[in-house]
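These are the residues of each chain, in order.
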Amino acid sequence: MVQLVDGDIKTREVLDWKGVHLLHASGSSCSQKLRIFLSVKGIAWESHLIDLHANENFRPWFLGINPRGLVPVLVHDGVVHIESNDIITHLEKSFPAPKLIPAGFENEVAKLLRHEDDLHMDLRTLSFRFVFNPPGPPKSAEALQSYAANGSGTVQGAADPDKAAQIAFWERAAREGFSDERSRASAQKFRVAFAEIDQRLAASPYLLGDALSVLDIAWFIYAHRLSLGGYPIARLHPRVAAWMGKLAARPDFAREIASPPEVMAHIAATRRAHEQAGKTLEAIAGF
Ligand SMILES: N[C@@H](CCC(=O)N[C@@H](CS)C(=O)NCC(=O)O)C(=O)O
């Protein structure tokens, strides 16, 4: 559970925030996952939008709340929680109904959510290459300098290596983009993960049985993002595609994955350009 301690937090005003506050970004996959969770749970929350395109997450105010510089962040009655899956686990305890982590499955869910989080940088690689497709380096050198220089640099009182890993990711992206080789390796990991999910769905309508759980929410978001990037889910993993369709038909899911028309137009234009160049996700991954 990543609950920050007093010394980690430099933006002191959040300590007075009462109730459930979410610092999040509209198109961020981890934020979408958490917002669907909150919606299914019926938890009322206050929104604090963080503009990732404007690098608001690398400014002192935000880094003073989350030294890792990532969204989402939960402030619950003045206590700051980071890491989306830890936030979900905390909220599941505080708001037990409806149950989204079935009784007796706590350890399995924790393990499977860790696996999902381990693939986050792979999702980011494929998202930047095939969905967002920015024309140049995703993060400027100035933004990264501000990222490096601000915030306490500690998580739970200990020096936190995560920020340096994030900065290394963005610096490498600026140097070499999101290469075919890295994209292929990331896509292959998802192929293995989706094959496992497809197997689970052969046995039950949801990933953990007959009822929706946090795992369905988490993997739905990944599957949705990758299908935007052209991952051939229906062809390779038909049960996953059917399960996705069922979840996407729910208003609480549909609302969070809706993108403005200009974003959808950019994604479609990216796909056309990649098709013309023979550089689609399918082609690069060899699917
Ligand atoms: N392990 C973290 C990952 C959080 C993460 O990487 N969030 C992304 C958005 S999905 C972010 O804040 N990116 C920062 C950026 O794009 O500058 C979690 O689960 O909360």
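Cut-offs used in this document
- Here the residue numbers are simple positions, counted from 1 along each chain's written sequence.
- Local features in this predicted model are restricted to residues whose pLDDT is 70 or higher, and side-chain atom pairs enter the listing and the counts only when it is 80 or higher, whereas totals over whole chains, interfaces and linings include all residues.
- Hydrogens and water molecules were not included; the side-chain quantities draw on all heavy atoms of the structure.
- Helix numbers and strand numbers start at the N terminus; a helix is a DSSP run of H or I with at least 4 residues, a strand a run of E with at least 2.
- C-alpha atoms define the radius of gyration, and 2.2 Å times the number of residues to the power 0.38 defines the globule rule.
- The method behind every accessible area is Shrake-Rupley, applied with a 1.4 Å probe, and residues are considered shielded solely by the protein chains displayed.
- Charge counting follows a simple rule: Lys and Arg are positive, Asp and Glu are negative, and His as well as the terminal groups are ignored.
- By convention, the point assigned to a charge is CZ for Arg, NZ for Lys, CD for Glu and CG for Asp.
- We treat two strands as partners when DSSP finds at least two bridges between them.
- Lines are fitted to the C-alpha atoms to define the axes, a helix being fitted only along its stretch in contact, and any angle between axes, read from their N-to-C directions, falls within 0 to 180 degrees.
- Whether two aromatic rings pair depends on their centres lying within 6.5 Å, for rings of Phe, Tyr and Trp, where Trp uses its six-membered ring; planes under 30 degrees apart make the pair stacked, over 60 edge-to-face, and the rest tilted.
- Each residue gets one of three labels from its accessible area relative to the maximum for its type: buried under 20%, exposed over 50%, partly exposed in between, using a 1.4 Å probe on protein chains only.
- Criterion for a charge above a ring: Lys NZ or Arg CZ within 6 Å of the ring centre, and within 35 degrees of the ring normal.
- One fewer than the residue count of a helix, multiplied by 1.5 Å, yields its expected span.
- Pairs of residues are marked as contacts when any of their non-hydrogen atoms sit within 4.5 Å.

### So, the overall build of the protein chain
For step 1, the next point in the chain: Across its full length, the protein chain holds 14 helices and 6 strands.
For step 2, the next point in the chain: The C-alpha atoms of the protein chain give a radius of gyration of 19 Å, which matches the 19 Å a tight globule of 287 residues would have.
For step 3, the next point in the chain: Taken over the C-alpha atoms alone, the protein chain extends approximately 50 × 45 × 35 Å along its principal axes.
For step 4, the next point in the chain: Approximately 12800 Å² of the protein chain is accessible, and the part contributed by carbon and sulfur atoms is 55%.
For step 5, the next point in the chain: Once the 32 positive and 33 negative side-chain charges of the protein chain are each reduced to a mean point, those two points are 4 Å apart.

### Quick notes on the pairing of strand β4 (residues 79–82)
Side-chain direction in a regular strand flips from residue to residue, so the side chains alternate between the two faces of the sheet.
For step 1, the next point in the chain: Taken together, the 4 bridges between strand β3 (residues 73–76) and β4 define a ladder with antiparallel strand orientation. Looking at β4, one finds that valine 73 is bridged to isoleucine 82.
For step 2, the next point in the chain: Counted between consecutive antiparallel strands, the loop separating β3 from β4 contains 2 residues, among which aspartate 77 sits at a positive phi close to 50°.

### Concerning the sheet that holds strand β2 (residues 46–49)
For step 1, the next point in the chain: Read across the sheet, 4 strands follow the order β2-β1-β3-β4 without closing on themselves; strand pairing throughout is mixed. Of all strands in the sheet, those with a lone pairing partner are β2 and β4, marking the two edges. Each strand axis lies, on average, 20° off the axis of its neighbour in the sheet, ignoring direction.
For step 2, the next point in the chain: Strand direction decides the pairing type here: strand β1 (residues 20–24) and β3, joined by 4 bridges, are antiparallel.

### So, the packing of aromatic side chains
For step 1, the next point in the chain: Applying the stated criterion to the full structure yields 15 aromatic pairs.
For step 2, the next point in the chain: Seen in terms of ring centroids, tyrosine 231 and phenylalanine 287 are 5.3 Å apart; in terms of plane orientation they differ by 70°. Their pairing is edge-to-face. Pair noted here: tyrosine 231 is in the loop between α9 (214–228) and α10 (233–236) and phenylalanine 287 is in the segment after α14 (281–285), with a separation of 56 residues, a long-range link. The exposure classification of tyrosine 231 matches that of phenylalanine 287, with both residues buried.
For step 3, the next point in the chain: Among the aromatic side chains, those forming a connected cluster through ring pairs are Phe190, Phe194, Trp219, Tyr222, Tyr231 and Phe287.
For step 4, the next point in the chain: Directly above the ring of tryptophan 170 sits lysine 139, whose terminal nitrogen or CZ lies 4.8 Å from the centroid.

### Brief notes about helix α1 (residues 29–41)
Owing to its 3.6 residues per turn, the α-helix brings residues three or four apart onto one side.
For step 1, the next point in the chain: Given a rise of 1.5 Å per residue, 13 residues ought to cover 18 Å, and the 18 Å separating the end C-alpha atoms of α1 matches this to within 8%.
For step 2, the next point in the chain: For α1, the buried fraction is high: 12 of the 13 residues fall into the buried class.
For step 3, the next point in the chain: Burial in α1 covers these residues: Ser29, Cys30, Ser31, Gln32, Lys33, Leu34, Arg35, Ile36, Phe37, Leu38, Val40 and Lys41.
For step 4, the next point in the chain: Turning to α1, the residues buried within the fold contact β1, α3 (84–94), α4 (106–118), α5 (120–132), α9 and α12 (251–257).
For step 5, the next point in the chain: Downstream of α1 by a residue or two, glycine 42 has a phi angle that is positive, lying close to 70°.

### Section: helix α8 (residues 180–203)
For step 1, the next point in the chain: Here α8 spans 35 Å end to end across 24 residues, near enough to the 34 Å set by a 1.5 Å rise per residue.
For step 2, the next point in the chain: Inspection of α8 places Ser183, Ser186, Ala187, Phe190, Ala193, Phe194, Ile197, Asp198 and Leu201 among the buried residues, and these make up the whole buried set.
For step 3, the next point in the chain: Contact partners of the buried residues in α8: α4, α5, α9, α10, α11 (238–248) and α14.

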